[in-house]
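Structural description and commentary
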Amino acid sequence: MSDLDPTLTVLLYSSLAAFTAGLGILPQALSGRLPMRALGWANALAAGLMLGVAYSLLYEGLSDRVLQGGAGALLGLLFVRLAHRGTGVQDLDLNRLDDLDPAYGYQIVLVNTLHGAYEGVAIGAAMLVSLPFGISTALALAVHNIPEAMVQTAVLESRGVRLRHAAGLAVAVNTNQVLVSVVVFVVARALPWLLPWAIGFAVGALLYLLMAELLPESYAQAGHTSIALVTLVAMGIVVALVGAG
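Presented here is an overview of the structure given in this document. Fair warning: this is a prediction, and the values are worked out from it, not measured in the lab.

**Points about the nonpolar core**
Formed by 53 residues in total, the largest nonpolar core has its most connected members in Val53, Leu57, Tyr118, Ala122, Met127 and Ile199. Elements with a minimum of two residues in this core: α1 (6-20), α3 (36-61), α4 (66-86), α5 (102-129), α6 (131-157), α8 (175-190), α9 (195-222) and α10 (224-244). It is α9 that contributes the most residues to this core, 14 residues altogether. Setting aside its immediate chain neighbours within four residues, leucine 57 contacts Leu62, Ala122, Ala126, Phe133, Ile199, Ala202 and Val203. Counting seven residues, the second-largest nonpolar core is a separate cluster that includes Leu34, Ala38, Ala42 and Ala154.

Next up, the structure:
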């Protein structure tokens, strides 16, 4: 990997993260419709992996640029809030598997598309901290994309979408993750003063998503104790693996 151009490395691993989302159809393909508790655990796993990435970005990337990173985090929180409000997906309930309103299915796809963009910022910024750290971050988000796609697949399948089409949509909603990660890497590499802002933005965006969307849905689907355990274990694994990388 040392002989590979850094921008190509970002493209390769962000693409891997996007394509991994297609594996989110496997539980439904093997077991049929999943119980609500399983979807809650999937959301908790996604939240824990996201929390681990956010913590690792803070620890590895903002040790000496706290003010810029903090301002970037506030910007990220505000941007996500406004983007979700502007697109009508704020406070979206992921429990409505029996709601056949076509608009609801489109909203699920849209909210995951937005998630992919914020995760792309995290990958691009992490790659600039160091390529090994960025690769570990991309792999953590690749795993995160699987349970996130599980929930999307459950919603789409309840509306008659075939599993192979759901797999394609799971990958499609993460293609912007690839574009954003490469753009962030190239721009912040050319303008290094932007890096702490990008890291802060990614942290703020990820924290908003897990606190305002993933964890509340998890609690509603599976209860507090098991959700807390899954989330913390997932976070711990990411912090250990990303730190080791």
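Following the structure, the description resumes.
**What to know about a nonpolar patch on the surface**
Together, Leu75, Leu179, Val183, Val187, Leu191, Trp193 and Trp197 make up an exposed nonpolar region whose accessible area comes to about 680 Å². Examining the composition of the nonpolar patch, we find that three residues originate from one element, α8, more than from any other.

**Things to note about the packing of aromatic side chains**
A full pass over the atoms with the stated rule returns three aromatic pairs. Ring centres of phenylalanine 79 and tyrosine 118 lie 6.4 Å apart, and the angle between their planes is 90 degrees; on these two criteria the pair is classed as edge-to-face. One end of the pair, phenylalanine 79, is in helix α4; the other, tyrosine 118, is in helix α5, and 39 residues separate them in sequence. Classification of tyrosine 118 by relative accessible area gives buried; the value is 4%.

**So, the packing of α1 against α6**
Two elements in contact, α1 and α6, have axes whose closest approach is 7 Å; the angle formed by their N-to-C orientations is 15 degrees. In terms of orientation, α1 and α6 fall into the roughly parallel class. Between α1 and α6 lies a crossing of right-handed hand. In this structure, α1 uses Pro6, Thr9, Tyr13, Leu16, Ala17, Ala18 and Thr20 to contact α6, whose residues at the interface are Leu131, Ile135, Ala138, Leu139, Ala142, Asn145 and Ile146. Class assignment of the residues belonging to the contact of α1 with α6 gives a composition of eleven nonpolar, three polar and no charged.

**Concerning empty space enclosed by the protein**
To find leftover empty space, one rolls a probe the size of a water molecule over the atoms. Evaluated as defined, the whole model comprises two cavities of 30 Å³ or more. Reported here for the second largest cavity is a volume of approximately 50 Å³. For the lining of the second largest cavity, the element with the highest residue contribution is α6, accounting for four residues. Class assignment of the residues belonging to the lining of the second largest cavity gives a composition of four nonpolar, four polar and one charged.

So, how was this worked out
Residues numbered from 1 in each chain as written. Predicted model: local features only at pLDDT ≥ 70, side-chain atom pairs only at ≥ 80, totals over all residues. Heavy atoms only, no water. Core = buried A, V, L, I, M, F, W, Y, C linked by side-chain atoms within 4.5 Å. Buried < 20%, exposed > 50% of the residue type's maximum accessible area, 1.4 Å probe, protein only. Helix = DSSP H or I, 4+ residues; strand = E, 2+ residues; numbered from the N terminus. Contact = heavy atoms within 4.5 Å. Patch = residues over 30% accessible without salt bridge, like charges linked within 9 Å, V, L, I, M, F, W, Y side chains within 5 Å. Areas by Shrake-Rupley, 256 points an atom, 1.4 Å probe, with all protein chains shown as cover. Salt bridge = Lys/Arg side-chain N within 4 Å of Asp/Glu carboxyl O. Phe/Tyr/Trp six-rings, centres within 6.5 Å; stacked < 30°, edge-to-face > 60°. Axes fitted to C-alpha atoms, helices over the stretch in contact; angles between N-to-C directions. Parallel < 35°, antiparallel > 145°, perpendicular 65-115°, else oblique. Left-handed = near helix turned anticlockwise from the far one by under 90°. Nonpolar A, V, L, I, M, F, W, Y, C, P; charged D, E, K, R; others polar. 1 Å grid on protein atoms, 1.4 Å probe; cavity = no way out; pocket = protein on both sides within 12 Å on 5 of 7 lines; lining within 4 Å. Points joined across faces, edges and corners; volume = space filled by probe spheres on them.

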